[in-house]
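A look at the structure
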Amino acid sequence: MADKKLAGQVALVTGGSRGIGAGIATRLAADGASVALTYSKSKDSADQVVKNIQAQGGRAYAIRADSSIAEDVVASVSSAVAHFGGLHILVNNAGGGTFQSLDELTLEQIDQVLSVNVRATVVATKAALEHISTGGRIINIGSINADRMPFPGGSTYALSKGAVASFTRGLARELGPRGITVNNVQPGPVDTDGNPADGPAAGLILEALAVDRFGTVEEIGAFVSYLAGPDASYITGASHTIDGGFGA
């Protein structure tokens, strides 16, 4: 793996047991990184991602961590560092949302969205900065819904992803002098278990796209790997949409 662009790098992908997170973890490992990934409930799925990576000659390690609990988030960073001996790339991917109108949401539901999508991103980054040095990468996974929310019921989710975009810009200013880049990837509709391309809402979603299909987790993983690699060293503080024209 010495000829691969991420050889010798250690990456932590939060929420890496399925969907976009699994696609990211798999691609980073294929490009040479040793990958730690967190999961909250899907141990079997996380173990399968690890097995798939190992079967391709990569190195991977699964860590149980609930992203709504700050102590779990901090511990996951420490566990990744202890297992692989360092940390160079942090991908803040764990996220979720409850899509209901604001007057229907409970305070507990609102707190859950903000704690997983926003606070966990800040907490993981703060913990990771004790280990990431010059040449490091922090990559946040936001959403095109930070820029465009075309249906009702997504206000709190959009708020959380807008905060991720703002955090990315501010943190890039702080970490630029340290040689660490910070970027935000904003996927549009991607074919996952939670948002299948043949799901009940797929027809309406396709109408909003410039291309006639959903994205794939492999496409998101490829773009994240590019941002993690040496060719992206001059890119920082930016939100990158990869959305099939959803926001066009």
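Residues numbered from 1 in each chain as written. Predicted model: local features only at pLDDT ≥ 70, side-chain atom pairs only at ≥ 80, totals over all residues. Heavy atoms only, no water.

Let's talk about the overall build of the chain
Secondary structure assignment for the chain yields seven helices and seven strands. Listing every helix and strand of the chain by position from the N terminus yields β-α-β-α-β-α-β-α-β-α-β-α-α-β. Along the first, second and third principal axes, the C-alpha atoms of the chain reach 45 × 35 × 35 Å. Counting only residues that meet the buried cut, the chain has 48% of its 248 residues in that class. Of all intrachain contacts in the chain linking residues separated by at least 6 positions in sequence, the fraction that spans at least 24 positions is 73%. On the chain, roughly 11600 Å² of surface is accessible, and the fraction owed to carbon and sulfur atoms is 51%. (Helix = DSSP H or I, 4+ residues; strand = E, 2+ residues; numbered from the N terminus. Buried < 20%, exposed > 50% of the residue type's maximum accessible area, 1.4 Å probe, protein only. Contact = heavy atoms within 4.5 Å. Areas by Shrake-Rupley, 256 points an atom, 1.4 Å probe, with all protein chains shown as cover.)

A look at helix α4 (residues 107-128)
Compared with the 32 Å implied by 1.5 Å per residue over 22 residues, the 29 Å span of α4 between its first and last C-alpha is a close match. Roughly 40° is the biggest bend found in α4, and it falls at S115. Within the sequence span of α4, burial applies to I110, V113, S115, V116, N117, A120, T121, V123, A124, T125, A127 and A128. Those residues of α4 hidden inside the fold are in contact with α3 (70-84), β4 (89-92), β5 (137-141) and α5 (155-175). (Expected span 1.5 Å × (residues − 1). Bend = angle between axes of the 7 residues up to and from the residue.)

So, the packing of α3 against α4
If you want to describe how two helices pack, look at the angle between their axes and the distance between the axes. Packing of α3 against α4 leaves a shortest axis separation of 9 Å and a crossing angle of 35°. For the element pair α3 and α4, the recorded crossing hand is right-handed. For the pair α3 and α4, the contacting residues are A70, V73, V74 and V77 in the first and R119, A120, V123, A124, A127 and A128 in the second. Of the residues assigned to the contact of α3 with α4, the class counts are nine nonpolar, no polar and one charged. (Axes fitted to C-alpha atoms, helices over the stretch in contact; angles between N-to-C directions. Left-handed = near helix turned anticlockwise from the far one by under 90°. Nonpolar A, V, L, I, M, F, W, Y, C, P; charged D, E, K, R; others polar.)

Quick look at the pairing of β5
The buried fraction of β5 is high, at five of five residues. In terms of strand pairing, β4 meets β5 through four bridges, oriented parallel. Note on β5: the bridge partner recorded for I89 is R137. In terms of handedness, the path from β4 via α4 over to β5 forms a crossover that is right-handed. Two elements, β5 and strand β6 (residues 181-187), share five bridges in a ladder whose sense is parallel. Bridging from a neighbouring strand, I141 pairs with V185 of β6. For the handedness criterion, the β-α-β arrangement of β5, α5 and β6 is classed as right-handed. (Pairing = 2+ DSSP bridges. Right-handed = clockwise from strand over helix to strand, strands pointing away.)

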